[in-house]
Amino acid sequence: MRIRVLMAILASGTMLSVAACGSSGSVGSQAAIPSARSLESAAAAALKTAHSVRLSGTMTDSGKVIKIDLGFFRSGAVSGTIVGRFDGRSSISLDLIVTGTAAYVLVNKQYFNSVLRLGGVPASACVTLCGKYLKLPAKQFSSFNLNGLTNQTFNQNIKLSGTVTTSIINGQPAYRISDTLGNYLYVAKSGNHAPIEITRPGSGKVVFSEWNSVPPISAPPASRIFRLPGSAGPNPAGAGFSNS
């Protein structure tokens with residue numbers, strides 16, 4: 001089990017790595033419970049077969065605080081918000097939509113100043129672009145989906161501690177599995193043992209919710225979409241942008 005979720009977010013061609021971390025709860029032991037490996041396998045299977053799921057939480061990666069609230073669909077669609085630091089810049093909020101063959105990043109003033117301005121877009125363009133969505137190829141987020149999430153979260157090369165305990169987490173009866181890196185995975189005690197929460201004590205947590213009930217995701221209105229010319233991403237040669 002590799003309880004480290006890699007969130008691939010494009011910001012001026014840069015990928016952001018997000019580590020899933022911490023939570024706490026009262027934990028007790030119980031006899032005759034499933035093995036850690038079988039619970040891990042069941043949790044991975046639940047994530048692999050889900051139609052949709054939401055991830056939300058606050059975590060720390062290399063001393064940087066990152067907040068996420070994202071809905072994922074089996075189709076590859078994604079929608080939500082990530083707040084964090086990109087390429088050493090000050091913290092910015094990214095509102096992201098991925099659907100079909102396109103991805104859309106909402107250009108707020110933080111994103112405009114931290115990414116587009118550094119890419120050569122003139123300051124005066126904020127009047128036109130701020131509040132609209134920058135359109136990018138969805139392939140730039142090829143691992144940013146339920147399959148990628150599952151593969152990054154569950155890695156058989158990471159050793160489990162072998163200890164399984166019981167708990168109530170987010171109001172649900174759960175099993176808690178730990179790995180040798182100090183992470184915890186809480187899975188539902190009943191049903192298909194779907195993941196409930198991933199934690200690293202003292203650092204934060206990421207919560208799984210809205211299983212198979214995330215609201216539908218659609219592209220923004222055409223009037224709020226633009227593309228930068230001559231580039232697959234926010235790396236323009238200068239002014240001159242077009243509506244999608």
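On a predicted model such as this, the values are computed, not experimentally measured, just so you know.

> Looking at this model, I keep getting lost on the state of the cysteines. Mind explaining?
Disulfide: a covalent bond formed between the sulfur atoms of two cysteine residues. The tally for this structure, following the rule as stated, stands at 1 disulfide. In this model Cys-126 forms its disulfide with Cys-130; the gap between the sulfur atoms is 2.1 Å. Judged by the sign of its S-S torsion, about -110°, the bond between Cys-126 and Cys-130 is left-handed.

> Please explain the pattern of salt bridges as it appears in this structure.
Pairing is possible between side chains of opposite charge, provided their charged atoms come close. Evaluation of the coordinates by the stated rule reveals 3 salt bridges. A salt bridge links Arg-37 to Glu-40, with the shortest nitrogen-to-oxygen separation between them at 2.4 Å. In this pair, Arg-37 and Glu-40 both sit in helix H1 (residues 36-49), 3 residues apart, roughly one turn of the helix. The class for Arg-37 is partly exposed, based on a relative accessible area of 32%. Residue Glu-40 is classed as buried on the basis of its relative accessible area, which comes to 0%. Notably, a salt bridge pairs Glu-210 with Arg-54, separated by 3.1 Å at the nearest N-O pair. Of this pair, Glu-210 sits in the loop between strand S12 (204-209) and strand S13 (225-227) while Arg-54 sits in strand S2 (residues 52-61); the two residues are 156 residues apart in sequence, bridging distant segments of the chain. We classify Glu-210 as partly exposed; its relative accessible area is 31%. Residue Arg-54 is classed as buried on the basis of its relative accessible area, which comes to 16%.

> Got a minute to help me understand the nonpolar core in this structure?
One broad rule of soluble globular proteins: the nonpolar side chains tend to lie buried together. Formed by 49 residues in total, the largest nonpolar core has its most connected members in Tyr-111 and Leu-116. The element that contributes the greatest number of residues to this core is H1, accounting for 5 residues. Ala-77, Ala-102, Val-214 and Ile-217 belong to the second-largest nonpolar core, a separate cluster that totals 10 residues.

Definitions and cut-offs
Residues numbered from 1 in each chain as written. Predicted model: local features only at pLDDT ≥ 70, side-chain atom pairs only at ≥ 80, totals over all residues. Heavy atoms only, no water. Disulfide = S-S within 2.5 Å. Salt bridge = Lys/Arg side-chain N within 4 Å of Asp/Glu carboxyl O. Helix = DSSP H or I, 4+ residues; strand = E, 2+ residues; numbered from the N terminus. Buried < 20%, exposed > 50% of the residue type's maximum accessible area, 1.4 Å probe, protein only. Core = buried A, V, L, I, M, F, W, Y, C linked by side-chain atoms within 4.5 Å.

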